[in-house]
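Topology and contacts: notes
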Amino acid sequence: MSDAIELIIPNMAEYHLRNPSLQLKGEERARVVRFGGTYECEHSVFWTDAPRVLLLPQGWSQAWFDDIHKALDLAAPPVVSPRMRSGLLVDDLLHDGAAQNALRQLVSGYDVVKLTMVGPTAETYLLAALVSGWGHEVELDSVPEDAFWASLYLDSKVSCLDLARQLPAMRVAPGVVVGNWVELTGALRAMVARHGRVIARTLFGVAGDGSRVVTDAPGDVDAFLDHASGDSFFAFPILIQEFVEHAAGVGCPAADILVGPDGVEDVVLCALTVEHGYSFRSVDVGEGALPPVWGERLRAAALEVGEAARQLGYVGWMCIDCVAGADDQLYITEINARRSGSLHAGGLLRFWGAEKELTLSAHFMLPVLEGTSYEEHIRPVFQRLWDAGVKAYPTSIRALGWTDPIIAVIAAAPTADGAQAIIAEIRDSIYAVAGTPGPR
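Fair warning: this is a prediction, and the values are worked out from it, not measured in the lab.

Focus on the state of the cysteines
- What the rule picks out here adds up to zero disulfides.
- As a non-bridged cysteine, Cys160 has Cys322 as the owner of its nearest cysteine sulfur, 8.6 Å distant.
- Here Cys270 is not disulfide-linked; the sulfur of Cys319 is the nearest cysteine sulfur, at 8.0 Å.
- Overall, the relative accessible area of 1% leaves Cys270 in the buried class.

Structure representation (structure tokens):
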């Protein structure tokens, strides 16, 4: 055996469901499994160009897969797709002997197998033990099992409140944490009376699910309580904070942080686009994603938070989400102790060696018409762009068959505005190929 190979594990759904404090039920759980367990998995194709084997859920498009690698001038890696039993990728692999055997054959010539994942779960440590039993040295790109607690803790929004008492750059909005319905009702009424607008968030939300803005408008508190009582994301404890007014024209700053055993090894700047003050929609990635002054503030905060995480035993990728306040202050809203949804953009920047030259814009839920197909409507649009040398790619097309079909796309340009303009062109072109004007 020789060298090393990466096993790419896009275990987003399992990661979101891993915390014993979050007991999702019904449609909320099904949505996480459907979106994180299939659709978002396809972004992992762009994580790295290193020798690798991809673990992907069944249902991926071979045509799309081949086109992406041809456009990037990369050899397509082998893929293992376990039989879908639970919709949770690693769990399904651990219950599929044939898929395990296929994986074993693919990694058989390598001394080291690196598990590259969204984030650690109990199942990833079982998978590491399995691969180790095949005779390989196994490396995790996340915390060892004895430091798993640090990943769980940092992922809770309460960790931000704790770190704010220790770190000068860690500014958080005023708030309270409540543990039952009596406290929630009273705290909401008191906070909206004081601030006019607050945001109520469970400690373990997903892309805006588990968050809601509440105002002092008549009936708004009662409407929130009615909503929360039927939404399994809203488990106690719940954090209620003053809603920070956003600075115009900045977006919501965020940073991907690579924490190594000796300190922070990399910081990737991002700017999120959100709706309703909390629902994630798109992200710009790279040095040009933010005005320089906000980039400097964000980088300083990222270095502080990353070092604090390292001191708790955390290693691997993590990210912080922030608000650029209208008061010219940077507020940190949460820590995600995992590989963020935007890290496929960082992977492309590293592959091109263009971290300082390009900005990428990644859109995760671009609506398309029912009946839109990859081969007939989407591939021709991107093929014209590739022929013209444009760096733009469909990063997930699995949801074309859903009731409300969407695709995920990414584009690169010297500026964020330029990358966003390419996305708008892609959207309009797909609709034009389908013979229907796009949404405005």
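After that view, the rundown keeps rolling.
Focus on the pattern of salt bridges
- Under the counting rule described, the total for this entry stands at 16 salt bridges.
- Between Arg197 and Glu245 there is a salt bridge, with the nearest N and O atoms lying 2.6 Å from each other. Taken together, the positions of Arg197 in strand 7 (residues 197–206) and Glu245 in the loop between strand 9 (238–242) and strand 10 (252–260) put the pair 48 residues apart, joining distant regions of the chain.
- In this structure Arg197 comes out as partly exposed when scored by relative accessible area, which is 28%.

Regarding the packing of aromatic side chains
- Throughout the structure, instances matching the rule amount to 12 aromatic pairs.
- Geometrically, the ring pair formed by Tyr125 and Phe148 is edge-to-face, given 5.7 Å between the ring centres and 85 degrees between the ring planes. Of this pair, Tyr125 sits in helix 6 (residues 122–133) while Phe148 sits in helix 7 (residues 148–155), and the two are 23 residues apart along the sequence.
- Within the aromatic cluster, the residues linked to one another by ring pairs are Phe46, Trp352, Phe382, Trp386 and Tyr393.
- Directly above the ring of Trp294 sits Arg297, whose terminal nitrogen or CZ lies 4.5 Å from the centroid.

Examining the sheet that holds strand 6 (residues 175–178)
- Spatial strand order, 6-9-7-8: four strands in an open sheet with antiparallel pairing. Either end of the sheet is taken by a strand with one partner, and the two such strands are strand 6 and strand 8 (209–215). Each strand of the sheet is rotated relative to its neighbour by a mean of 20 degrees, with strand direction disregarded.
- Helix-sheet contacts for helix 9 (residues 181–195) involve strand 6, strand 7, strand 8 and strand 9, and the interaxial angle to strand 9 is about 10 degrees.

Analysis parameters
Numbering of residues starts from 1 in each chain and follows the order in which that chain's sequence is written. Side-chain atom pairs in this predicted model are given and counted only at pLDDT of 80 or more, local residue features only at pLDDT of at least 70, and totals for whole chains, interfaces and linings cover all residues. Hydrogens are left out, water is left out, and the side-chain values use all remaining heavy atoms of the structure. Cysteine sulfur atoms are paired as a disulfide whenever they come within 2.5 Å of each other. Summary of the burial criterion: residues with accessible area below 20% of their type's maximum are buried, those above 50% are exposed, and those between are partly exposed, where the area comes from a 1.4 Å probe applied to protein chains only. Each salt bridge in this description consists of a side-chain nitrogen of Lys or Arg and a carboxyl oxygen of Asp or Glu lying within 4 Å of one another. In this description a helix means any DSSP run of H or I spanning at least four residues, a strand means any run of E spanning at least two, and both kinds are numbered starting from the N terminus. Between the rings of Phe, Tyr and Trp (Trp by its six-membered ring), a pair exists once the centres lie within 6.5 Å; its type follows the angle of the planes, with under 30 degrees stacked, over 60 edge-to-face, and the other angles tilted. By definition here, charges over rings are those cases where NZ of Lys or CZ of Arg is within 6 Å of the ring centre and within 35 degrees of the ring normal. Pairing between strands requires that DSSP locate at least two bridges from one strand to the other. Fitted lines through C-alpha atoms serve as axes, helices being fitted only where they are in contact, and the angles separating the N-to-C directions of these axes extend from 0 to 180 degrees. Whether two residues touch is decided by their heavy atoms; if any such pair falls within 4.5 Å, the residues are in contact.

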